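In case you want the letters, here they are:
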Amino acid sequence: MSTRAIKQAAVRLTAFLKIARDLGGSLGLGQLLSRVMDNVFRILPQSRRGHLLLVDAADGVLRTAAIKQARDASEETIGPLDDGLIATAMDRGTAILGADLRGSLKDSVFDAPSVLCIPLLNRSGRSIGVVHLESEDGEEYTSSDLEVVSNVAVLISQSIENATLSDAHYRSVVDTAADAIITVDEHGVIETANPAVEQLFGCKHTELIQQSITRLLTASFANEIQRELTHAVRSDQPVSSELMNASVGLRKDGTRFPIAMSVGEFSLAGGRRFTLIMRDMTDREHGEAELKRMNEQLERKNEEMSQFVYTVSHDLKSPLVTCRGFVGLMREDLAEGRVEDLQDSINRLESATNRMSDLIEGLLHLSRLGAVRNESESVDLNILIRSISTDLEERFEQAGAQLVVADELPTVVADPVRLGEVIDNLLTNAVKYGCPNTGMQVEIQAETISDGFRLSVRDHGPGIAPEYHEQVFSLFERLQTTGEGTGVGLAIVRRIAELHGGRAWVELPADGGAMFVATFKA
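Residues numbered from 1 in each chain as written. Predicted model: local features only at pLDDT ≥ 70, side-chain atom pairs only at ≥ 80, totals over all residues. Heavy atoms only, no water.

Undergrad: Any chance you could break down the overall build of the protein for me, citing the residues and the numbers?
TA: Across its full length, the protein carries 13 helices and 17 strands. By residue count, 40% of the 522 residues in the protein fall in the buried class. The contacts in the protein between residues at least 6 apart in sequence include a share of 59% that link residues at least 24 apart. If you sum the accessible surface of the protein, you get close to 28,900 Å²; carbon and sulfur atoms cover 51% of it. (Helix = DSSP H or I, 4+ residues; strand = E, 2+ residues; numbered from the N terminus. Buried < 20%, exposed > 50% of the residue type's maximum accessible area, 1.4 Å probe, protein only. Contact = heavy atoms within 4.5 Å. Areas by Shrake-Rupley, 256 points an atom, 1.4 Å probe, with all protein chains shown as cover.)

Below you can see the structure in the form of structure tokens.
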């Protein structure tokens, strides 16, 4: 074998190995086929021009995937293809050395000295494309050349089919993904977007192609992303994951919302591409906020429980101390024969035990509020308040007070038994502490609000200093230590309001007195 032949064989082998390596790599299809054609020209240096055409799956039309021509050839050499030869090769599914058919194809337009036409066949033997090569003047392709390029065509066909299957699998995953998946180039220009983008951002995924990624992000964050992509490309470093975890999305209607974003990258056509996977974090943030609220509520309840235990032990202990003291006095009176003093001690002992009984009863009632629940129903406040005020008539008469009920109270949805307890406790509290003088009024009114209703009871008494506004709702708390009562009533009011999703508090009207307010969610 001559030195020239050896060199030519070495060149062919090197080119063939490059083709095999490229086909097994991760190049994009367009770049891959272009590099394959470059190496085919190294294998067949007599080539003047070449086309690699693929069948478009959408309409079955052959479309150019790669074009190659000799370096010294003018642009004018890219002329019409030999349609008859291509159709024959694809119909037969076999490679054709064009010179063998010269003159037999009536519609042939080729004028090259020699032509190679090799179909690209899939695994089922169907033609999916063709490689078409034309030689320089005075140069002929041989059957050996045909065999070499046919082997290359087999590799090309396998790679195209694998890429098609891989792409189909990728599309099936991406198109059905719940997260928005977007691919951008080095400049942040969107190249692909999956259908989930529409649900997340409110715009068609097809609208985003060739748009900047900044369209989907708030201005401040968009600028950070753009700078990060530019820095990553220039420094050849990965994109900061910390930045991606603090993203703020922008919907088409201008709504801002938190998103979690992960980023991956790959090389394509000599440049870097970034795949952004985005997920709406609104529900998670709401969940975290709700968890935080519940934790704070739990801490508050724990604190209340500690105070509750202390208060209960203190208040229940007080009557016991009283009882113990008077039992001791009774022993002394009996021992010394002072029978006349026993009645006073008995009365005081009875009073202490009655108070302890009231405290325990109130405590048990409060503890049952969270466990015993009645179904909510429609309640006409006009009827309910009329019934309760009838039961409280004697108390109001004794205080010389008047109950004023607002006109046309609404019908609400609530637990009627618990709501009745709230009204009873508020009215009792108002007449007891808010009507120190005769002729005073207690006013009750209610109104519907956006998510339920609001109930208020106002007196015109001395009012309550701001520093005691929370204390009055605590268990067994009484700002006045004289008179009846255990200090459980307002604690019950607040507890019932909370069980209905509302709250209870006290306000100081500008013209004096105190107004207790409780809200209930529907």
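On we go.
Undergrad: So what about the packing of aromatic side chains? Which residues, and what values?
TA: Where two aromatic rings form a pair, the distance of their centres and the angle of their planes describe that pair. If you walk through the whole model with that rule in mind, you get three aromatic pairs. Centre to centre, the rings of F453 and F520 are 4.8 Å apart; their planes meet at 10 degrees, and the pair counts as stacked. Of this pair, F453 sits in strand β15 (residues 452-459) while F520 sits in strand β17 (residues 514-521), and the two are 67 residues apart along the sequence. For the pair F453 and F520, a shared accessibility class is recorded, and that class is buried. For the pair F473 and F516, a centre-to-centre distance of 5.9 Å together with 70 degrees between the ring planes defines the contact as edge-to-face. Of the two residues, F473 sits in the loop between β15 and α13 (489-499) while F516 sits in strand β17, which places them 43 residues apart along the sequence. Across the pair, exposure class does not vary: F473 and F516 are buried alike. Over the aromatic face of F473 sits the side chain of R494, whose NZ or CZ is 4.2 Å from the ring centroid. Across the ring face of W505, the terminal group of R503 is positioned such that the distance to the ring centre comes to 4.0 Å. (Phe/Tyr/Trp six-rings, centres within 6.5 Å; stacked < 30°, edge-to-face > 60°. Lys NZ or Arg CZ within 6 Å of the ring centre and 35° of its normal.)

Undergrad: Explain a negative patch on the surface to me, and be specific about the residues and the numbers.
TA: A cluster of like negative charges, contributed by D391, E393, E394 and E397, occupies part of the molecular surface. The biggest single contributor to the negative patch is helix α11 (residues 393-399), with three residues. (Patch = residues over 30% accessible without salt bridge, like charges linked within 9 Å, V, L, I, M, F, W, Y side chains within 5 Å. Salt bridge = Lys/Arg side-chain N within 4 Å of Asp/Glu carboxyl O. Lys, Arg positive; Asp, Glu negative; His and termini not counted. Charge placed at Lys NZ, Arg CZ, Asp CG, Glu CD.)

Undergrad: Could you give an account of the side chain of S127, naming the residues involved and the relevant values?
TA: Looking at where S127 falls in the secondary structure, it is placed in strand β5 (residues 127-135). Residue classification places S127 among the buried positions, given a relative accessible area of 12%. Side-chain polar atoms of S127 contact the backbone oxygen of M90, separated by 2.9 Å. The residues contacting S127, other than those within four sequence positions of it, are V55, M90, G93, P119, L120 and L121. (Polar contact = N/O pair within 3.5 Å; in protein donor to acceptor, adjacent residues only side chain to side chain.)

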